[in-house]
Amino acid sequence: MNQGLRHWNPSWDQTRAESGENYIYEDEHVLIATDFECASGINFRPDGDGYAIDLEPEPGDHAYSGMSYYYCFGICNKSPEPRHLPVRLHGNMREKFAADQAHAVLRRGDAWSHLAPDAVRALPNTEILELHLDLPGADEPDPVLFISNFHWHPYSELKPYLDGISNHPDVRISTLGHSVEGRPIYSVEIGSRNPDAPHIVMAQTPQPSEMGTWTSRAVIDYLVSDAAAQTRAHHRFTLVPATNPDGTVRGLGVSHHLGRFPYFEGRLTAEEGPDVLPEMAAMWHLLKTAKPWLFIEWHSNNWHRRPGQMLLRFRPHLMDDAKRRQLWEAFDDRLMALPETYHGNWTSHDEGLYQNSLCFQAITRLGAISHMIKHHDKFPLEQSCQHAIMCVKEAVRVWDAQNTEDNT
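Attention in this report is confined to the structure presented alongside it. (Residues numbered from 1 in each chain as written. Predicted model: local features only at pLDDT ≥ 70, side-chain atom pairs only at ≥ 80, totals over all residues. Heavy atoms only, no water.)

In this section: the side chain of Glu297. Mapped onto the fold, Glu297 is located in strand β16 (residues 294-301). Polar contacts involving the side chain of Glu297 include one to the side chain of His299, which spans 2.8 Å. (Helix = DSSP H or I, 4+ residues; strand = E, 2+ residues; numbered from the N terminus. Polar contact = N/O pair within 3.5 Å; in protein donor to acceptor, adjacent residues only side chain to side chain.)

In structure tokens:
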């Protein structure tokens, strides 16, 4: 049997496979590998009746450095008969990793699902999460199971997707810039070409493990559909579906591969000093030139303690313009009324955690309403994608409602 990436999907980026690390384990029973883009996990070994994997620590010198909470691995049965076995994941989140995991995401071929809840077990008083896997037989279609706590999206799958929509008459695809390692940062503009049309910018968080690429794709699919034709005619939308491609390819949770935490470099980016990451500079340039009335960052999360689709909100009083504050409050109310949605926390000048985010900078420097919308990976992917579409629909409705009132 061929090993690892070469067996599973040779079109995926080869960076991890060529790094020289030992990301493949094979014995007479199974093949386990993390040599593909988005993957994370090391030190595979037999462990009693199953196997053990160590999660990879985040690099650098920031709040998450040295901790490990993101996992993504592939496993393939070598027997033609199905096999049941436990895999024990050793993480490190200061005694919070295993106890706060209650789901595991499966990808088999192009199909997504979840492990049954009773197959995800935190071992008491440890940072070990035990997953009970039912592996298909080696001769079955799509025999490889990919297991993660996030809905990961290979960066190399983005370009073919964008090529598929590039001929739509209302779509303009461009490159905002390039990552440190030279990967393009794609921008997808959809809708009116009128420069005065109301403009919404949406982007995947630079925390690369999170599902923002999938929710960006879902919104794009909606916006190019016949159902959104009238919306396209009167509104502009720009989406950036992959903002930290190097981190994605290298299988990082929140980090840039240079060991930085780009999400919390929003203030540094807006100040436009010499040490700004090119990926962040590209996003800030877009926001400055687009002048959106709304900026949404698509996030996701894996922690059991968070019950649903979480809104990380900024205080509307950060906005000086009274009309814009009114619009903001109306949008907030509509978001909070969506299914499975709850308020996470507030940020302002003197409260909360996110003053150093691009969202905060977009509010205080550019006058753009901003939201972090954090979908929960415990939900089916389709459900979170539909929630993202509902968020965009509500944004359009509140804008149209306010501007209709203003014109009557």
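Once that is clear, we can look at the packing of aromatic side chains. Across all of its chains, the model carries 24 aromatic pairs by this definition. With a centroid separation of 5.8 Å and 65 degrees between ring planes, the pair formed by Tyr70 and Phe150 is classed as edge-to-face. You can see Tyr70 sitting in the loop between β4 (50-54) and β5 (72-77) and its partner Phe150 sitting in the loop between β11 (145-148) and α2 (158-165), a full 80 residues away along the chain. With respect to class, Tyr70 is no different from Phe150; both count as buried. Feature note: the residues Tyr64, Tyr69, Tyr70, Phe150, Phe261, Tyr263, Phe264, Trp303 and Tyr354 constitute an aromatic cluster, connected by ring pairs. Against the face of Tyr23 rests Arg16, its NZ or CZ located 4.0 Å from the ring centre. Just above the ring of Tyr161 sits the side chain of Arg217; from NZ or CZ to the centre is 4.0 Å. (Phe/Tyr/Trp six-rings, centres within 6.5 Å; stacked < 30°, edge-to-face > 60°. Buried < 20%, exposed > 50% of the residue type's maximum accessible area, 1.4 Å probe, protein only. Lys NZ or Arg CZ within 6 Å of the ring centre and 35° of its normal.)

One open sheet holds the five strands; their spatial order is β3-β4-β6-β10-β9, and the pairing between them is mixed. The strands lining the two open edges of the sheet, one partner per strand, are β3 (42-47) and β9 (120-122). Taking the axes of each pair of neighbouring strands and ignoring which way they run, one obtains an average angle of 25 degrees across the sheet. Bridge count for β4 against strand β6 (residues 83-90) is four bridges, and the pairing is parallel. Among the inter-strand pairings, Asp54 is bridged to a residue of β6, identified as His90. (Pairing = 2+ DSSP bridges. Axes fitted to C-alpha atoms, helices over the stretch in contact; angles between N-to-C directions.)

This paragraph deals with empty space enclosed by the protein. Within this structure, the stated rule accounts for two cavities of 30 Å³ or more. In this structure, the largest cavity spans a volume of roughly 70 Å³. What lines the largest cavity is a set of 15 residues, among which Trp152, His153, Pro208, Ser209 and Thr248 lie closest to the centre. Considered as a void within the structure, the second largest cavity measures approximately 40 Å³ in volume. Lining the second largest cavity we find His153, Pro154, Tyr155, Leu158, Gln204, Thr213, Ala242 and Thr248. Broken down by class, the residue content of the lining of the second largest cavity amounts to four nonpolar, four polar and no charged. (1 Å grid on protein atoms, 1.4 Å probe; cavity = no way out; pocket = protein on both sides within 12 Å on 5 of 7 lines; lining within 4 Å. Points joined across faces, edges and corners; volume = space filled by probe spheres on them. Nonpolar A, V, L, I, M, F, W, Y, C, P; charged D, E, K, R; others polar.)

This brings us to the sheet that holds strand β14 (residues 199-204). In spatial order, the strands read β12-β13-β15-β14-β16-β19-β17-β18; together these eight strands make up an open sheet with mixed pairing. Only two strands of the sheet have a single neighbouring strand rather than two, namely β12 (171-178) and β18 (341-347). Each adjacent strand pair in this sheet contributes to an overall mean axis angle of 20 degrees, direction not counted. In this structure, strand β17 (residues 309-314) lies alongside β18, joined through six bridges in parallel fashion. Note on β18: the bridge partner recorded for Arg313 is Trp346. Its contacts with the sheet place helix α3 (residues 212-223) against β13 (184-191), β14, β15 (236-240), β16 and β19 (369-376), and it is angled at close to 150 degrees to β15. (Contact = heavy atoms within 4.5 Å.)

Turning our eyes to something else, we now look at helix α7 (residues 278-290). Between the first and last C-alpha of α7 there are 18 Å, a value that for 13 residues agrees with the 18 Å anticipated at 1.5 Å per step. Taken from the residues just after α7, Lys291 is the one with a positive phi, measuring 50 degrees. (Expected span 1.5 Å × (residues − 1).)

Here the focus is the environment of Glu56. When you line up the elements, Glu56 lands in the loop between β4 and β5. Remark: the alpha-carbon pair of Glu56 and Ile24, spanning 32 residues in sequence, is separated by 14 Å. When near neighbours in sequence (up to four residues on either side) are disregarded, Glu56 contacts Arg16, Tyr23, Ser40, Gly41, Ile42, Met67 and Ser68. In terms of polar contacts, Glu56 uses its side chain to reach the side chain of Arg16, at 2.7 Å. There is a polar contact of 2.8 Å between the side chain of Glu56 and the backbone nitrogen of Gly41.

As a working rule, side chains carrying opposite charge can pair if their charged atoms are close by. The tally for this structure, following the rule as stated, stands at 26 salt bridges. Residue Asp49 is joined to Arg88 by a salt bridge in which the shortest nitrogen-to-oxygen separation is 2.7 Å. In this pair, Asp49 is assigned in the loop between β3 and β4 and Arg88 in strand β6, connecting sequence segments 39 residues apart. Where Asp275 meets Arg260, a salt bridge forms, and the shortest distance between an N and an O atom there is 3.5 Å. Taken together, the residues span a long stretch of sequence, with Asp275 in the loop between α6 (266-270) and α7 and Arg260 in the loop between α5 (245-249) and α6 at a distance of 15 residues. One salt-bridge network, in which partners are shared between bridges, spans Asp13, Glu181, Arg183, Asp246 and Arg250. (Salt bridge = Lys/Arg side-chain N within 4 Å of Asp/Glu carboxyl O.)

Below, the discussion takes up the nonpolar core. If you look at the biggest cluster of nonpolar residues, it comprises 124 residues, and the most contacted ones within it are Tyr71, Phe73, Ile75, Leu131 and Ile147. Element by element, the count of residues in this core is highest for helix α10 (residues 381-406), at 10 residues. When residues no more than four places from it in sequence are discounted, the contact partners of Leu131 are Tyr71, Phe73, Leu85, Pro86, Val87, Leu89, Ala104, Leu115, Ala119, Val120 and Ile147. (Core = buried A, V, L, I, M, F, W, Y, C linked by side-chain atoms within 4.5 Å.)

Attention shifts here to the packing of α2 against α3. Close contact between α2 and α3 brings their axes to 12 Å; oriented N to C, the two are set at 5 degrees. Between α2 and α3, the angle falls in the class roughly parallel. Across the interface between the two elements, Leu158, Tyr161 and Ile165 of α2 pack against Thr213, Arg217, Ile220 and Asp221 of α3. The class makeup of the residues in the contact of α2 with α3 is four nonpolar, one polar and two charged. (Parallel < 35°, antiparallel > 145°, perpendicular 65-115°, else oblique.)

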